[in-house]
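Breakdown of the fold
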Amino acid sequence: MELQGKTAVITGGASGIGLATAYQFASSGANIVIGDIEDAPREASVAKLRDTGAKVIGVKTDVVNEADVEALRDAALDEFGAVHIVFNNAGVAAGPTIGTPKKIWDWVLDVNVDGVVNGLNVFLPLLLEQNEGHVINTASLAGLGGVPGMGAYCASKFAVVGISESLLQELIFRGSNVGVSALCPGFVKTRIFESQRNMPNELKSYNEDPEVAAINNIAQGAVQAGIDADQVALAIEKAVRNNEFWILTHERAAIRITEQRLEWMKGGPIPGISLESATKP
Ligand SMILES: NC(=O)c1ccc[n+]([C@@H]2O[C@H](COP(=O)([O-])OP(=O)(O)OC[C@H]3O[C@@H](n4cnc5c(N)ncnc54)[C@H](O)[C@@H]3O)[C@@H](O)[C@H]2O)c1
């Protein structure tokens, strides 16, 4: 798909990977609709994008709330008349498998999984009807293999990979021209391990737990050693243009994780975890 004159809706588009992709798509001539829960970063991002000449609107959106996602769709249609690219990207990280309260699991799964489901339910009918479009769902390397300290996050990202694969098979079965990609990055320099900024207030005391703070510190270090979000945005645009399913910005790590998993299933050793290898493309 060529991007010139097309409209892309990007959830979580006020920061990190979503914002870098907004710049990338806009530089290729796409109209941009940013849906994000954070007011000040969303408004600042929209203003800066407009300064570059981009056609862009921002809409306050909590992806967990289906009515918000419907309002995002309606705003996109009012402004630009159609939607062609849907980037279900808003996400948060928290929660080791041992000792994480259910409310934290729910928050991570609500944003990372229900957010994608709401995006699909609200936007897919438009794309199917026009028989044109592309959906990108943000998963992670944490959707290809288990990671210590990230049980809730892994659960959510495995779900996003599964949803995306099922969607691909359903689109093929229907003979649809709509495409889908699963974005599975390793570490990228963003604010993902400051996700607590978007936590409901009643959950925030969870971050004071020393074990949680220690895990966040380790993850922050890996994020800072990661690749730039611009590189991810370039890979996303390539996948949209060429209708590619897997977006593996850290390809060697993705393939190693998957091969080790296969060997493990065949009776081999439990895979070792290397956060360092997940920082390199
Ligand atoms: N940074 C990494 O290392 C990395 C690696 C793999 C996958 N990811 C995934 O990439 C996606 C983007 O994250 P990022 O790394 O750019 O982090 P980020 O924190 O910089 O950006 C996330 C954006 O999502 C928004 N958001 C959070 N909750 C929301 C909600 N309920 N509704 C709407 N918007 C919401 C935030 O306000 C923020 O603008 C996430 O799904 C994340 O899990 C990130």
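Up top is the structure.
Residues numbered from 1 in each chain as written. Predicted model: local features only at pLDDT ≥ 70, side-chain atom pairs only at ≥ 80, totals over all residues.

**Topic: the nonpolar core**
- In terms of nonpolar packing, the biggest core is built from 81 residues, with Ala8, Val9, Ile32, Val33, Cys184 and Ile236 touching the most fellow members.
- Top contributing element to this core by residue count: helix H4 (residues 102-130), with 10 residues.
- If we skip the residues at most four places from it in the chain, alanine 8 touches Phe25, Ala30, Ile32, Val33, His84, Ile85 and Phe87. (Core = buried A, V, L, I, M, F, W, Y, C linked by C-beta atoms within 7 Å. Buried ≥ 20, exposed ≤ 12 C-beta atoms within 10 Å, placed from the backbone. Helix = DSSP H or I, 4+ residues; strand = E, 2+ residues; numbered from the N terminus. Contact = placed C-beta atoms within 7 Å.)

**Focus: the sheet that holds strand E6 (residues 179-183)**
- The strand order across the open sheet formed by 7 strands is E3-E2-E1-E4-E5-E6-E7, and the pairing between neighbours is parallel. In this open sheet, the two strands that pair with only one neighbour each are strand E3 (56-60) and strand E7 (246-247).
- In terms of strand pairing, strand E4 (residues 85-88) meets strand E5 (residues 134-138) through 4 bridges, oriented parallel. Bridging across to E5, isoleucine 85 finds its partner in histidine 134.
- Packed onto the sheet, helix H1 (residues 16-27) meets strand E1 (7-11), strand E2 (31-36), E3, E4 and E5 and runs at close to 170° relative to E1. (Pairing = 2+ DSSP bridges. Axes fitted to C-alpha atoms, helices over the stretch in contact; angles between N-to-C directions.)

**Side note on the site of the ligand**
- Neighbouring the ligand are 33 residues; Gly12, Ser15, Gly16, Gly91 and Thr190 lie closest to it.
- Sort the elements by how many residues they give to the shell around the ligand and H1 lands first, with 3 residues.
- Here the residues of the shell around the ligand are counted per class, giving 15 nonpolar, 14 polar and 4 charged. (Near = placed C-beta within 6 Å. Nonpolar A, V, L, I, M, F, W, Y, C, P; charged D, E, K, R; others polar.)

**Overview of helix H5 (residues 151-174)**
- Compared with an ideal rise of 1.5 Å per residue, which puts 24 residues at 34 Å, H5 spans 35 Å between its outermost C-alpha atoms and is within 8% of the ideal.
- Elements in contact with the buried residues of H5: H4, E5 and E6.
- Looking one or two residues beyond H5, the residue adopting positive phi is glycine 175, at roughly 70°. (Expected span 1.5 Å × (residues − 1).)

**Remarks on the packing of H4 against H5**
- Running from amino to carboxyl end, H4 crosses H5 at an angle of 15°, the nearest separation of the two axes being 8 Å. With respect to H5, the axis of H4 lies roughly parallel. The crossing of H4 and H5 is right-handed. Contacts between H4 and H5 involve Ile104, Trp105, Val108, Leu109, Asn112, Val113, Val116 and Leu120 from the first element and Ala152, Tyr153, Ala155, Ser156, Lys157, Ala159, Val160, Ile163 and Leu167 from the second.
- Of the residues that constitute the contact of H4 with H5, the class distribution is 14 nonpolar, 2 polar and 1 charged. (Parallel < 35°, antiparallel > 145°, perpendicular 65-115°, else oblique. Left-handed = near helix turned anticlockwise from the far one by under 90°.)

**Here's the deal with the packing of H1 against helix H7 (residues 229-242)**
- Look at H1 against H7: their axes get within 8 Å of each other, and the N-to-C directions meet at 55°. Of the possible angle classes, the one that applies to H1 and H7 is oblique. Of the two elements, H1 crosses H7, and the hand of that crossing is right-handed. Residues Gly16, Ile17, Ala20, Thr21, Tyr23, Gln24 and Phe25 of H1 lie in contact with H7, whose contacting residues are Ala229, Asp230, Val232, Ala233, Leu234, Ile236 and Glu237.
- For the contact of H1 with H7, a count of residues per class yields 9 nonpolar, 3 polar and 2 charged.

**What about unusual backbone geometry?**
- Although it is not a glycine, asparagine 131 adopts a positive phi angle of roughly 50°.
- Summarising the element assignment, asparagine 131 is placed in the loop between H4 and E5.
- Under the C-beta neighbour-count criterion, asparagine 131 is labelled exposed, with 11 such atoms within 10 Å.
- Its identity is not glycine, yet asparagine 243 carries a phi of approximately 50°, on the positive side.
- If you trace the backbone, asparagine 243 turns up in the loop between H7 and E7.
- Accessibility expressed as a C-beta count within 10 Å gives 13 for asparagine 243, which makes it partly exposed.

Keep in mind these numbers describe shape, not what the thing actually does.
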